[in-house]
Amino acid sequence: MIVRTLDDIADTDADIKTPNWRSKRIVLSKDKVGFSVHETTVYAGTVNDFWYANHYEAVFIVEGEGEITNTATGETHQLRPGSMYLLNEHDKHQLRPTTDIKAVCVFNPPITGREVHDEHGVYPLVIEDE
């Protein structure tokens, strides 16, 4: 059994901070459960272009509001607490929070914690060493 708190993760190498967002990686590939779990805060007023070409991501909004746009189709959805979106087709998307959005995110395959978004908003597929 693994038990962790967000306080355990804060300000460690599993706490990734950028000007637009902060991601506390609670469960990572090294835990060997087939997915990763993150608490992510995306800051109000930012524009975030992402494309998880190598991962599926499910996002559950806990706090905050904003919108997400599928950049291939132009379809836009409003986000608020209780909203969930699933990037089940590796959808290119743009996230625009009007207030800070706090979300729980699940990735498959799991994130190792070493990934960095490239110029297209893509995480490379990084495989954890055995």
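A brief look at the structure comes next. (Residues numbered from 1 in each chain as written. Predicted model: local features only at pLDDT ≥ 70, side-chain atom pairs only at ≥ 80, totals over all residues. Heavy atoms only, no water.)

**So, empty space enclosed by the protein**
Part 1 of the reasoning: Scanning the entire structure with this criterion turns up one cavity of 30 Å³ or more.
Part 2 of the reasoning: By volume, the largest cavity is sized at about 200 Å³.
Part 3 of the reasoning: Forming the walls of the largest cavity are 21 residues, and the residues nearest its centre are Thr 40, Phe 50, Tyr 52, Glu 57 and Cys 105.
Part 4 of the reasoning: Residue assignment for the lining of the largest cavity shows that the elements contributing at least two residues are β2 (21-27), β3 (36-42), β5 (56-63), β9 (92-97) and β10 (101-108). (1 Å grid on protein atoms, 1.4 Å probe; cavity = no way out; pocket = protein on both sides within 12 Å on 5 of 7 lines; lining within 4 Å. Points joined across faces, edges and corners; volume = space filled by probe spheres on them. Helix = DSSP H or I, 4+ residues; strand = E, 2+ residues; numbered from the N terminus.)

**What to know about the sheet that holds β2**
Part 1 of the reasoning: Pairing is antiparallel in the open sheet, where six strands are placed in the order β1-β2-β3-β10-β5-β8. The outermost strands of the open sheet, each flanked by one partner alone, are β1 (15-17) and β8 (84-86). This sheet shows a mean twist of 20° between the axes of neighbouring strands, independent of strand direction.
Part 2 of the reasoning: The pairing of β1 with β2 spans three bridges and is classified as antiparallel. Across the sheet, residue Ile 16 finds its bridge partner in β2, namely Ser 23. (Pairing = 2+ DSSP bridges. Axes fitted to C-alpha atoms, helices over the stretch in contact; angles between N-to-C directions.)

**Remarks on the pattern of salt bridges**
Should their charged atoms come close, side chains of opposite charge can pair.
Part 1 of the reasoning: What the rule picks out here adds up to five salt bridges.
Part 2 of the reasoning: One salt bridge in this structure joins Asp 11 and Lys 17, with 2.5 Å as the shortest N-O distance.
Part 3 of the reasoning: You can call Asp 11 exposed: its relative accessible area is 59%.
Part 4 of the reasoning: Classification of Lys 17 as partly exposed rests on a relative accessible area of 47%.
Part 5 of the reasoning: For the salt bridge of Arg 96 with Glu 67, the shortest nitrogen-to-oxygen distance reads 2.4 Å. Of this pair, Arg 96 sits in strand β9 while Glu 67 sits in strand β6 (residues 66-70), placing them 29 residues apart in sequence.
Part 6 of the reasoning: A relative accessible area of 22% places Glu 67 in the partly exposed class. (Salt bridge = Lys/Arg side-chain N within 4 Å of Asp/Glu carboxyl O. Buried < 20%, exposed > 50% of the residue type's maximum accessible area, 1.4 Å probe, protein only.)

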